[in-house]
Amino acid sequence: MTEPERRTGRDESEEERADRMWGELLQEVRVAQMGVQILFGFLLTVVFTSKYDTLSDTDQTIYIVTVVLGATATGALIGPVSLHRLVSGRRIKPQAVQWASRLTFVGLLLLLATTASSLLLILRVATHDDYVPWLVTGVVVWYLLCWFALPLWARRRHTE
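Residues numbered from 1 in each chain as written. Predicted model: local features only at pLDDT ≥ 70, side-chain atom pairs only at ≥ 80, totals over all residues. Heavy atoms only, no water.

Trainee: In this structure, what is going on with the nonpolar core? I would like to understand it.
Mentor: The nonpolar side chains of a soluble globular protein tend to be buried with one another. In terms of nonpolar packing, the biggest core is built from 10 residues, these being A18, W22, L25, L26, V29, L83, V87, A96, V97 and A100. The set of elements that each furnish at least two residues to this core consists of α1 (14–46), α2 (57–87) and α3 (93–127). It is α1 that contributes the most residues to this core, five residues altogether. What A100 contacts, discounting residues up to four positions off in sequence, is W22, L25, P80 and L83. (Core = buried A, V, L, I, M, F, W, Y, C linked by side-chain atoms within 4.5 Å. Buried < 20%, exposed > 50% of the residue type's maximum accessible area, 1.4 Å probe, protein only. Helix = DSSP H or I, 4+ residues; strand = E, 2+ residues; numbered from the N terminus. Contact = heavy atoms within 4.5 Å.)

Below you can see the structure in the form of structure tokens.
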């Protein structure tokens, strides 16, 4: 194949590209939604257990912050579905994909914060040890590497 014959990308219109990207985004959101909804559901039950009353004020504050973070993460990660439903057929899919992508990114950041604060609370209650913040920091760094650093590195390394 000569250089001019080699394809350098997809042959799709802006609308076709938006359709493809929308489908890919929804698949990604389904994974994150499942995780945040399960975590949020478990968080909602904690306050109704007898153990909750024995938590220190600090741990109860961490719990409240965690629940609020879980609620906001849930909202951000379900947002693209509502966005799609409300703008469907309005011929603004390329813009909707951008908005939904931003909501998803914010949702992932909130999910990271929810997971970190959940882990902090659980480890504080389970161990009462001084190394808990270090463990949580290690997990957060791991998430940052997996969720953001590696994808950004790959994007930079393999795109022009």
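Trainee: For this particular structure, what's the right way to read the environment of Y131?
Mentor: Counting through the fold element by element, Y131 comes out in the loop between α3 and α4 (132–158). Expressed as a C-alpha distance, the spacing of Y131 and L103, which sit 28 residues apart in the sequence, is 34 Å.

Trainee: I would appreciate a short explanation of the packing of α2 against α3 in the present structure.
Mentor: Working note: a packed helix pair is described by the angle between its axes plus the distance between those axes. Put simply, α2 and α3 touch, their axes get as near as 8 Å, and they point 160° apart. With respect to their mutual orientation, α2 and α3 come out roughly antiparallel. Between α2 and α3 lies a crossing of left-handed hand. Split by residue class, the contact of α2 with α3 holds 21 nonpolar, 11 polar and three charged. (Axes fitted to C-alpha atoms, helices over the stretch in contact; angles between N-to-C directions. Parallel < 35°, antiparallel > 145°, perpendicular 65-115°, else oblique. Left-handed = near helix turned anticlockwise from the far one by under 90°. Nonpolar A, V, L, I, M, F, W, Y, C, P; charged D, E, K, R; others polar.)

Trainee: I tried to follow α2 on my own but got confused; where do I start?
Mentor: It helps to recall that an α-helix has 3.6 residues per turn; residues three or four apart then point in one direction. Spanning 31 residues, α2 covers 44 Å between terminal C-alpha atoms, matching the ideal 45 Å at 1.5 Å per step. Where α2 bends most, at G79, the angle is about 35°, and the proline P80 comes one to four residues later. Positive phi shows up at G89, right after α2, with a value of about 85°. (Expected span 1.5 Å × (residues − 1). Bend = angle between axes of the 7 residues up to and from the residue.)

Trainee: For this particular structure, what's the right way to read the pattern of salt bridges?
Mentor: Pairing between side chains of opposite charge can happen when their charged atoms approach one another. Applying the stated criterion to the full structure yields four salt bridges. With a closest N to O distance of 2.8 Å, D19 and K93 form a salt bridge. Residue D19 is located in helix α1, and its partner K93 is located in helix α3; the two are separated by 74 residues in the primary sequence. Across the pair R124 and D59 runs a salt bridge whose closest N-O atoms are separated by 2.4 Å. One end of the pair, R124, is in helix α3; the other, D59, is in helix α2, with 65 residues separating them in the sequence. The exposure class of D59 is buried, given its relative accessible area of 5%. A network of salt bridges, in which partner residues are shared, links E12, R20 and E24. (Salt bridge = Lys/Arg side-chain N within 4 Å of Asp/Glu carboxyl O.)

Trainee: How should the packing of aromatic side chains be read in this particular structure?
Mentor: In this description, an aromatic ring pair is defined by two values, namely the gap between the centres and the angle between the planes. Summed over all chains, the structure comprises four aromatic pairs. Here the aromatic rings of Y143 and W147 are separated by 4.9 Å at their centres, their planes lie at 10°, and the arrangement is stacked. Taken together, the residues span about one helical turn, with Y143 and W147 both in helix α4 at a distance of four residues. Residue Y143 is classed as partly exposed on the basis of its relative accessible area of 22%. (Phe/Tyr/Trp six-rings, centres within 6.5 Å; stacked < 30°, edge-to-face > 60°.)

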